[in-house]
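Notes for the structure review
These are the residues of each chain, in order.
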Amino acid sequence: MEKMPYRPDMDLVEVDMQTTETVKPEVVSSDWRAGLPILSGKRVALRELRMSDAPSLFAMLTTEEVARFISPPPTTVEGFERLIAWNLRQRAAGTYVCYAVTLQGFDTAIGIFQIRELEPGFGTAEWGFAIGSPFWGTGIFEESADLVVAFSFETIGVHRLEARAAIANGRGNGALIKIGAVQEGVLRKSFLRNGKYLDQVLYAIVEDDWRALREDKAPVRVQVH
Ligand SMILES: CC(C)(COP(=O)(O)OP(=O)(O)OC[C@H]1O[C@@H](n2cnc3c(N)ncnc32)[C@H](O)[C@@H]1OP(=O)(O)O)[C@@H](O)C(=O)NCCC(=O)NCCS
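Note that the structure is predicted; figures quoted are calculated from it, not measured. (Residues numbered from 1 in each chain as written. Predicted model: local features only at pLDDT ≥ 70, side-chain atom pairs only at ≥ 80, totals over all residues. Heavy atoms only, no water.)

The phi dihedral of phenylalanine 122 falls on the positive side, at around 70 degrees, and the residue is not glycine. Residue position: phenylalanine 122 is located in the loop between β4 (111–117) and β5 (124–131). The backbone phi angle of lysine 189 is positive, close to 45 degrees, even though this residue is not glycine. Mapped onto the elements, lysine 189 comes out in strand β7 (residues 182–193). (Helix = DSSP H or I, 4+ residues; strand = E, 2+ residues; numbered from the N terminus.)

What follows is the structure in C-alpha coordinates.
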(Lines give C-alpha, C1' and ligand atoms only; values in the text may rest on other atoms or scores of the structure.)
Protein backbone atom coordinates (compact mmCIF):
# COMPACT_ATOMS: atom_id res chain seq x y z
CA MET A 1 0.00 0.00 0.00
CA GLU A 2 1.75 3.08 -1.11
CA LYS A 3 -0.67 5.65 0.26
CA MET A 4 -1.36 4.92 3.87
CA PRO A 5 -4.57 6.53 5.13
CA TYR A 6 -2.93 7.62 8.38
CA ARG A 7 -1.67 11.19 8.53
CA PRO A 8 -0.19 12.71 11.66
CA ASP A 9 -2.55 15.68 11.44
CA MET A 10 -5.55 13.32 11.63
CA ASP A 11 -4.39 12.15 14.99
CA LEU A 12 -6.10 14.54 17.34
CA VAL A 13 -6.25 12.19 20.29
CA GLU A 14 -3.35 12.27 22.72
CA VAL A 15 -1.72 8.90 23.27
CA ASP A 16 -2.19 7.89 26.86
CA MET A 17 0.29 5.13 27.59
CA GLN A 18 -1.63 4.13 30.72
CA THR A 19 -5.04 3.70 29.20
CA THR A 20 -4.54 2.47 25.64
CA GLU A 21 -5.70 -1.05 24.95
CA THR A 22 -2.17 -2.08 24.04
CA VAL A 23 -1.36 -2.79 27.67
CA LYS A 24 -3.78 -5.71 27.61
CA PRO A 25 -2.39 -9.26 27.30
CA GLU A 26 -2.57 -11.26 24.06
CA VAL A 27 -5.93 -11.11 22.37
CA VAL A 28 -7.92 -14.32 22.29
CA SER A 29 -11.12 -13.04 20.73
CA SER A 30 -12.35 -14.48 17.47
CA ASP A 31 -13.93 -11.12 16.53
CA TRP A 32 -11.10 -9.28 14.82
CA ARG A 33 -12.72 -5.92 15.51
CA ALA A 34 -12.34 -6.57 19.24
CA GLY A 35 -8.73 -7.67 18.85
CA LEU A 36 -6.66 -9.35 16.15
CA PRO A 37 -6.06 -13.08 16.47
CA ILE A 38 -2.45 -14.23 16.25
CA LEU A 39 -1.61 -15.72 12.86
CA SER A 40 1.01 -18.34 13.39
CA GLY A 41 3.17 -19.84 10.67
CA LYS A 42 6.30 -21.99 10.72
CA ARG A 43 8.75 -19.14 11.18
CA VAL A 44 6.57 -16.10 11.80
CA ALA A 45 3.88 -15.02 14.22
CA LEU A 46 1.74 -12.06 13.23
CA ARG A 47 0.07 -10.26 16.09
CA GLU A 48 -1.67 -7.03 17.00
CA LEU A 49 0.54 -3.96 17.25
CA ARG A 50 1.49 -2.75 20.72
CA MET A 51 2.71 0.63 21.85
CA SER A 52 6.01 -1.01 22.81
CA ASP A 53 6.60 -1.85 19.11
CA ALA A 54 7.28 1.79 18.34
CA PRO A 55 11.08 1.72 18.84
CA SER A 56 11.69 -1.41 16.74
CA LEU A 57 9.32 -0.28 13.98
CA PHE A 58 11.01 3.08 13.96
CA ALA A 59 14.38 1.33 13.52
CA MET A 60 13.11 -1.12 10.87
CA LEU A 61 10.87 1.06 8.73
CA THR A 62 12.55 4.44 8.54
CA THR A 63 15.68 3.39 6.64
CA GLU A 64 16.08 4.81 3.16
CA GLU A 65 15.74 1.46 1.38
CA VAL A 66 12.51 0.56 3.19
CA ALA A 67 10.83 3.97 3.05
CA ARG A 68 11.65 5.13 -0.46
CA PHE A 69 8.50 3.83 -2.16
CA ILE A 70 5.95 3.98 0.65
CA SER A 71 4.10 6.83 2.33
CA PRO A 72 6.61 8.59 4.55
CA PRO A 73 6.70 6.77 7.90
CA PRO A 74 6.75 8.78 11.14
CA THR A 75 10.13 10.31 11.85
CA THR A 76 10.20 9.69 15.60
CA VAL A 77 9.39 6.88 18.03
CA GLU A 78 6.57 9.07 19.39
CA GLY A 79 5.22 9.37 15.86
CA PHE A 80 5.10 5.57 15.65
CA GLU A 81 3.26 5.46 18.97
CA ARG A 82 0.62 7.79 17.55
CA LEU A 83 0.41 5.67 14.40
CA ILE A 84 -0.05 2.51 16.48
CA ALA A 85 -2.77 4.15 18.59
CA TRP A 86 -4.52 5.28 15.40
CA ASN A 87 -4.26 1.75 13.94
CA LEU A 88 -5.92 0.28 17.03
CA ARG A 89 -8.78 2.77 16.88
CA GLN A 90 -9.37 2.03 13.20
CA ARG A 91 -9.34 -1.72 13.83
CA ALA A 92 -11.93 -1.26 16.59
CA ALA A 93 -14.02 0.73 14.11
CA GLY A 94 -13.77 -2.21 11.69
CA THR A 95 -12.18 -0.36 8.79
CA TYR A 96 -8.52 -1.21 9.11
CA VAL A 97 -6.18 -3.96 10.22
CA CYS A 98 -2.47 -3.76 10.94
CA TYR A 99 -0.39 -6.78 11.88
CA ALA A 100 3.08 -6.71 13.40
CA VAL A 101 5.43 -9.31 11.94
CA THR A 102 7.51 -11.16 14.52
CA LEU A 103 9.70 -14.24 14.29
CA GLN A 104 8.49 -17.32 16.16
CA GLY A 105 9.93 -17.23 19.66
CA PHE A 106 10.80 -13.53 19.52
CA ASP A 107 8.47 -10.67 20.31
CA THR A 108 10.20 -7.88 18.39
CA ALA A 109 8.18 -6.35 15.56
CA ILE A 110 10.26 -6.44 12.37
CA GLY A 111 7.61 -5.26 9.94
CA ILE A 112 3.93 -4.60 9.34
CA PHE A 113 1.08 -5.68 7.08
CA GLN A 114 -1.83 -3.28 6.70
CA ILE A 115 -5.25 -3.95 5.21
CA ARG A 116 -7.88 -1.25 4.77
CA GLU A 117 -11.38 -1.38 3.41
CA LEU A 118 -11.97 0.36 0.10
CA GLU A 119 -15.73 0.07 0.40
CA PRO A 120 -18.03 -0.25 3.42
CA GLY A 121 -18.11 -3.86 4.59
CA PHE A 122 -14.54 -4.66 3.50
CA GLY A 123 -15.55 -6.51 0.29
CA THR A 124 -12.77 -4.76 -1.59
CA ALA A 125 -9.66 -3.99 0.37
CA GLU A 126 -6.15 -2.73 -0.17
CA TRP A 127 -3.08 -4.08 1.55
CA GLY A 128 0.45 -2.91 2.01
CA PHE A 129 3.52 -4.15 3.79
CA ALA A 130 7.00 -3.24 4.87
CA ILE A 131 9.65 -5.39 6.49
CA GLY A 132 13.04 -4.38 7.88
CA SER A 133 15.70 -4.86 5.23
CA PRO A 134 17.80 -7.33 7.30
CA PHE A 135 14.91 -9.76 6.71
CA TRP A 136 14.48 -9.24 2.97
CA GLY A 137 14.99 -12.27 0.78
CA THR A 138 14.54 -14.66 3.73
CA GLY A 139 11.06 -15.98 2.99
CA ILE A 140 9.60 -14.04 5.93
CA PHE A 141 7.59 -11.87 3.55
CA GLU A 142 6.10 -14.79 1.62
CA GLU A 143 5.09 -16.72 4.72
CA SER A 144 3.56 -13.62 6.33
CA ALA A 145 1.79 -12.64 3.13
CA ASP A 146 0.20 -16.10 2.84
CA LEU A 147 -1.16 -15.74 6.38
CA VAL A 148 -2.48 -12.22 5.79
CA VAL A 149 -4.14 -13.11 2.50
CA ALA A 150 -5.82 -16.15 4.09
CA PHE A 151 -6.98 -13.99 7.02
CA SER A 152 -8.35 -11.36 4.63
CA PHE A 153 -10.44 -13.81 2.62
CA GLU A 154 -11.44 -16.22 5.35
CA THR A 155 -11.90 -14.03 8.41
CA ILE A 156 -12.47 -10.44 7.30
CA GLY A 157 -14.55 -11.48 4.28
CA VAL A 158 -12.60 -9.64 1.60
CA HIS A 159 -13.29 -10.85 -1.93
CA ARG A 160 -10.81 -8.61 -3.77
CA LEU A 161 -7.47 -7.57 -2.32
CA GLU A 162 -5.72 -4.75 -4.15
CA ALA A 163 -2.16 -3.53 -3.91
CA ARG A 164 -0.32 -0.67 -5.52
CA ALA A 165 3.41 -0.67 -6.14
CA ALA A 166 5.47 2.09 -7.71
CA ILE A 167 6.90 0.78 -10.98
CA ALA A 168 10.34 1.77 -9.76
CA ASN A 169 9.92 -0.46 -6.69
CA GLY A 170 11.52 -3.62 -8.10
CA ARG A 171 11.34 -5.64 -4.88
CA GLY A 172 7.75 -4.61 -4.15
CA ASN A 173 6.63 -5.68 -7.62
CA GLY A 174 8.69 -8.88 -7.48
CA ALA A 175 7.21 -9.74 -4.09
CA LEU A 176 3.62 -9.24 -5.26
CA ILE A 177 4.11 -11.22 -8.46
CA LYS A 178 5.67 -14.15 -6.68
CA ILE A 179 2.70 -14.56 -4.32
CA GLY A 180 0.27 -14.61 -7.24
CA ALA A 181 -1.03 -11.02 -7.37
CA VAL A 182 -2.21 -10.17 -10.88
CA GLN A 183 -1.16 -6.97 -12.61
CA GLU A 184 -4.29 -5.15 -13.76
CA GLY A 185 -2.99 -1.85 -15.02
CA VAL A 186 -0.83 1.16 -14.55
CA LEU A 187 -2.02 4.13 -12.50
CA ARG A 188 -0.12 6.94 -14.10
CA LYS A 189 1.39 9.62 -11.89
CA SER A 190 -0.67 8.37 -8.97
CA PHE A 191 1.79 8.49 -6.09
CA LEU A 192 3.57 11.60 -4.88
CA ARG A 193 6.90 10.79 -3.29
CA ASN A 194 9.73 13.20 -2.65
CA GLY A 195 8.10 15.86 -4.81
CA LYS A 196 7.67 13.56 -7.83
CA TYR A 197 4.55 11.82 -9.11
CA LEU A 198 5.32 8.15 -9.72
CA ASP A 199 3.45 5.62 -11.86
CA GLN A 200 2.13 2.63 -9.93
CA VAL A 201 1.08 -0.87 -10.95
CA LEU A 202 -2.34 -1.92 -9.67
CA TYR A 203 -2.39 -5.55 -8.50
CA ALA A 204 -5.25 -7.66 -7.25
CA ILE A 205 -5.81 -11.08 -5.78
CA VAL A 206 -9.43 -12.19 -6.03
CA GLU A 207 -10.85 -14.74 -3.66
CA ASP A 208 -11.92 -17.28 -6.31
CA ASP A 209 -8.47 -17.31 -7.92
CA TRP A 210 -6.83 -17.60 -4.53
CA ARG A 211 -9.00 -20.57 -3.55
CA ALA A 212 -8.36 -22.30 -6.89
CA LEU A 213 -4.61 -21.71 -6.60
CA ARG A 214 -4.60 -22.91 -3.02
CA GLU A 215 -6.05 -26.26 -4.00
CA ASP A 216 -2.92 -26.84 -6.08
CA LYS A 217 -0.58 -25.83 -3.25
CA ALA A 218 0.13 -27.26 0.16
CA PRO A 219 -2.45 -25.73 2.52
CA VAL A 220 -1.51 -22.58 4.41
CA ARG A 221 -1.55 -23.49 8.06
CA VAL A 222 -3.16 -20.61 9.86
CA GLN A 223 -3.35 -21.17 13.58
CA VAL A 224 -5.65 -18.64 15.12
CA HIS A 225 -5.20 -18.39 18.89
C1 LIG B 1 8.15 -5.46 -0.19
C2 LIG B 1 8.89 -6.32 0.82
C3 LIG B 1 8.02 -6.53 2.06
C4 LIG B 1 9.15 -7.69 0.20
O5 LIG B 1 9.91 -8.50 1.07
P6 LIG B 1 11.25 -9.21 0.49
O7 LIG B 1 11.76 -10.12 1.53
O8 LIG B 1 12.15 -8.17 -0.03
O9 LIG B 1 10.59 -10.04 -0.71
P10 LIG B 1 11.17 -11.33 -1.39
O11 LIG B 1 12.68 -11.30 -1.38
O12 LIG B 1 10.51 -12.51 -0.80
O13 LIG B 1 10.60 -11.15 -2.84
C14 LIG B 1 11.03 -10.12 -3.69
C15 LIG B 1 11.21 -10.69 -5.06
O16 LIG B 1 11.47 -9.60 -5.93
C17 LIG B 1 12.62 -9.92 -6.68
N18 LIG B 1 13.29 -8.68 -7.00
C19 LIG B 1 14.24 -8.02 -6.29
N20 LIG B 1 14.61 -6.91 -6.90
C21 LIG B 1 13.88 -6.83 -8.03
C22 LIG B 1 13.82 -5.91 -9.09
N23 LIG B 1 14.56 -4.81 -9.10
N24 LIG B 1 12.94 -6.14 -10.07
C25 LIG B 1 12.16 -7.24 -10.05
N26 LIG B 1 12.18 -8.17 -9.07
C27 LIG B 1 13.03 -7.95 -8.06
C28 LIG B 1 13.44 -10.80 -5.79
O29 LIG B 1 14.38 -11.55 -6.54
C30 LIG B 1 12.36 -11.66 -5.16
O31 LIG B 1 11.92 -12.71 -5.98
P32 LIG B 1 12.51 -14.22 -5.78
O33 LIG B 1 12.33 -14.58 -4.37
O34 LIG B 1 11.66 -15.01 -6.73
O35 LIG B 1 13.96 -14.14 -6.18
C36 LIG B 1 10.23 -5.66 1.24
O37 LIG B 1 11.12 -5.63 0.13
C38 LIG B 1 10.03 -4.26 1.77
O39 LIG B 1 9.69 -4.09 2.93
N40 LIG B 1 10.26 -3.24 0.92
C41 LIG B 1 10.12 -1.85 1.35
C42 LIG B 1 8.67 -1.48 1.59
C43 LIG B 1 7.88 -1.50 0.30
O44 LIG B 1 8.36 -1.12 -0.75
N45 LIG B 1 6.60 -1.91 0.44
C46 LIG B 1 5.63 -1.74 -0.62
C47 LIG B 1 5.53 -2.89 -1.50
S48 LIG B 1 4.28 -2.61 -2.72
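So, next bit.
Turning our attention to the pairing of strand β2 (residues 44–48). The element β2 is extensively covered by neighbouring structure, given that 5 of its 5 residues are classed as buried. Between strand β1 (residues 39–40) and β2, which pair antiparallel and follow one another directly, the connecting turn spans 3 residues. (Buried < 20%, exposed > 50% of the residue type's maximum accessible area, 1.4 Å probe, protein only. Pairing = 2+ DSSP bridges.)

So, on to the site of the ligand. Neighbouring the ligand are 18 residues; Phe129, Ile131, Asn169, Arg171 and Lys178 lie closest to it. One nitrogen or oxygen atom from the main chain of isoleucine 131 is found 2.8 Å from an oxygen atom belonging to the ligand. Here a nitrogen atom of the ligand and a backbone polar atom of glycine 170 are 3.4 Å apart. Protein contact buries 72% of the 940 Å² of open area that the ligand shows by itself. Secondary structure elements with two or more residues in the shell around the ligand: β5, β6 (160–166) and α5 (170–178). With 6 residues, α5 is the single largest residue contributor to the shell around the ligand. Residues of the shell around the ligand, tallied by class, amount to 9 nonpolar, 5 polar and 4 charged. (Near = heavy atom within 4 Å. Polar contact = N/O pair within 3.5 Å; in protein donor to acceptor, adjacent residues only side chain to side chain. Areas by Shrake-Rupley, 256 points an atom, 1.4 Å probe, with all protein chains shown as cover. Nonpolar A, V, L, I, M, F, W, Y, C, P; charged D, E, K, R; others polar.)

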